[in-house]
Amino acid sequence: MSESDIDPTDPANPESGDKERRYSAPALEKGLDILEFLSERRDPQSLQQIGEGVGRTKGEIFRMVSVLAERGYIERTEGDDRFRVTDRLFRLGMNRPVNRSLVEIALPTMNAFAESTGYACHLAVQSGTQIAVIARVESTSHIGFTVRIGYRQPLVLTGSGHCLLAFMSARRRHRVYEDLRREDPWIDLDALTQTLDGVRAAGHVRRPSGISEAVVDLSHPILDSHEGGAVAALTCPYLRTRQNPKEPEELLAALGEAARRISDTLSLD
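Residues numbered from 1 in each chain as written. Predicted model: local features only at pLDDT ≥ 70, side-chain atom pairs only at ≥ 80, totals over all residues. Heavy atoms only, no water.

Engineer: So, the packing of helix α2 (residues 47–54) against helix α3 (residues 58–70): which residues are in play, and what are the values?
Structural biologist: As a packed pair, α2 and α3 sit with axes 9 Å apart at the nearest point and diverge in direction by 110°. Here α2 is positioned roughly perpendicular relative to α3, judged by the angle of their axes. From α2, Leu-47, Gln-48, Ile-50, Gly-51 and Val-54 reach across to α3, where they touch Lys-58, Ile-61, Phe-62 and Val-65. (Axes fitted to C-alpha atoms, helices over the stretch in contact; angles between N-to-C directions. Helix = DSSP H or I, 4+ residues; strand = E, 2+ residues; numbered from the N terminus. Parallel < 35°, antiparallel > 145°, perpendicular 65-115°, else oblique. Contact = heavy atoms within 4.5 Å.)

Engineer: Run through the pattern of salt bridges, naming residues and quoting values.
Structural biologist: In this structure the tally under the stated criterion is ten salt bridges. Between Arg-136 and Glu-138 there is a salt bridge, with its nearest N and O atoms 3.2 Å apart. When salt bridges with common partners are traced through the structure, they connect Glu-257, Arg-260 and Arg-261 into a single cluster. (Salt bridge = Lys/Arg side-chain N within 4 Å of Asp/Glu carboxyl O.)

Engineer: Summarise the nonpolar core; cite the residues concerned and give the values.
Structural biologist: Counting residues in hydrophobic clusters, the biggest one holds 29 residues, and the most contacted among them are Leu-102, Met-110, Leu-123, Ile-222 and Leu-234. For this core, the secondary-structure elements that each account for two or more residues are α5 (97–117), β4 (121–127), β5 (130–137), β8 (216–224), β9 (229–238) and α9 (248–268). Among residues more than four places away in sequence, those in contact with Leu-123 are Leu-102, Ala-106, Met-110, Ala-132, Val-133, Ile-134, Ala-135, Ile-222, Ala-232, Ala-233 and Leu-234. Val-133, Leu-155, Ile-187 and Val-205 belong to the second-largest nonpolar core, a separate cluster that totals 22 residues. (Core = buried A, V, L, I, M, F, W, Y, C linked by side-chain atoms within 4.5 Å. Buried < 20%, exposed > 50% of the residue type's maximum accessible area, 1.4 Å probe, protein only.)

Engineer: Now, about the packing of aromatic side chains: what can you tell me, with residues and values included?
Structural biologist: This model, assessed by the stated rule, comprises one aromatic pair. Relative to Tyr-238, the ring of Tyr-119 has its centre 5.7 Å away and its plane inclined at 20°; by these criteria the two rings are stacked. With Tyr-119 in the loop between α5 and β4 and Tyr-238 in strand β9, this pair connects stretches of sequence that are 119 residues apart. Judged by relative accessible area, which is 6%, Tyr-238 ranks as buried. (Phe/Tyr/Trp six-rings, centres within 6.5 Å; stacked < 30°, edge-to-face > 60°.)

Engineer: A description of the sheet that holds β8 should follow, citing residues and the corresponding values.
Structural biologist: In a beta sheet, neighbouring strands pair by backbone hydrogen bonds and run either parallel or antiparallel. Read from one edge of the open sheet, six strands run β6-β5-β4-β9-β8-β7, paired in antiparallel fashion. At either end of the open sheet lies a strand with only one pairing partner, and these are β6 (152–154) and β7 (205–208). Put simply, the sheet's adjacent strands are angled 30° from each other on average, direction ignored. Judged from the three bridges that link them, β4 and β9 form a sheet pairing that is antiparallel. Directly across from His-122, in β9, lies its bridge partner Thr-235. Across the sheet, α9 lies against β7, β8 and β9, angled at about 20° from β8, the strand it touches most. (Pairing = 2+ DSSP bridges.)

Engineer: Quick one: what's the story with the environment of Leu-35, residue by residue and with numbers?
Structural biologist: By the secondary structure assignment, Leu-35 is in helix α1 (residues 26–39). A residue is classified by how much of its surface remains accessible, and Leu-35, at 12% relative accessible area, is buried. Taking C-alpha positions, Leu-35 is 8.7 Å from Leu-68, a pair spaced 33 residues apart along the chain.

Engineer: Let's hear about helix α8 (residues 189–202): which residues, and what values?
Structural biologist: The end-to-end C-alpha distance of α8 is 20 Å, a good match for the 20 Å that 14 residues give at a rise of 1.5 Å each. Among the residues of α8, those classed as buried are Leu-189, Leu-192, Leu-196 and Val-199. Viewed along the axis of α8, the buried residues span an arc of 70°, placing them on a single side of the element. When the buried face of α8 is taken as reference, the exposed residues oriented beyond 90 degrees from it are Asp-190, Gln-194 and Ala-201. Sitting at the head of α8, Asp-188 places a side-chain oxygen 3.3 Å from the backbone nitrogen of Asp-190. One or two residues past the end of α8 sits Gly-203, with phi positive at roughly 90°. (Expected span 1.5 Å × (residues − 1). Arc of directions from axis to C-beta. Polar contact = N/O pair within 3.5 Å; in protein donor to acceptor, adjacent residues only side chain to side chain.)

Engineer: Now, about the side chain of Ser-263: what can you tell me, with residues and values included?
Structural biologist: Along the chain, Ser-263 turns up in helix α9. Separated by 2.8 Å, the side chain of Ser-263 and the backbone nitrogen of Leu-223 make a polar contact. Here Ser-263 is in contact with Pro-221, Ile-222 and Leu-223, once residues within four sequence places are set aside.

Engineer: Can you lay out unusual backbone geometry for me, pointing to particular residues and giving the numbers?
Structural biologist: Its identity is not glycine, yet Ala-214 carries a phi of approximately 75°, on the positive side. The topology assignment puts Ala-214 in the loop between β7 and β8.

Engineer: Tell me what's going on with the sheet that holds strand β2 (residues 74–76), and back it up with residues and numbers.
Structural biologist: Spatially, the three strands line up as an open sheet ordered β1-β3-β2, and their pairing is antiparallel. Of all strands in the sheet, those bounded by a partner on one side alone are β1 (45–46) and β2. The pairing of β1 with strand β3 (residues 82–85) spans two bridges and is classified as antiparallel. Bridging across to β3, Gln-45 finds its partner in Phe-83. Of the strands in this sheet, β1, β2 and β3 are in contact with α1, which crosses β3 at around 90°.

Pasting the structure below:
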């Protein structure tokens, strides 16, 4: 067949200007629906709940759930017939060169921060409308507060999330706002914007944790000149202890210096 025989409007033609959806893979879509549904749920879900959540019967999803469990993307909880997502997808995402580079650059500085202050710190990135922790360094003291790698929480509830939202590019923030509005049509974005304006004016986050009582989130942005805004947040969960009674201001200064070092190296990478 010559080039003159190709119909530019044929959906099978990769050069077609037709923007409408041309292909479908029902089995793949079913699996993705299940993963997306479970990833948005805090509690494990039964087959019945999964089926209702993705608009299918138990019989329609049974084999797909079994395959996803066999491949390690979801797991059955002990003692009942409920399922939850594992961190396998997260680990796959961490294999992206950009994430590996960020963690490799950040870890030496994070270790230096923990050794000099005695406090833990972690590195979080945006994942949809949530944060995802991609690196952490534990406290060098006997007592400390830390979170695990893969830890996820809503952006709007965490210091890391506020830091990311405040310092990310306007383009990315607009997209996140649209996603937040879809998830919660009643969310007060004006109030959130006012809070983020205050964060930008201060240059950092210092706020009570939206997840844990008595913990104060201290956070500085990791800025990438190529991205034009924050690509991560370096956060220290502050809990005052008698063993290591540092003040938040001291930790914020050390955290800010660490964030600047990581940002400078990242922009040169």
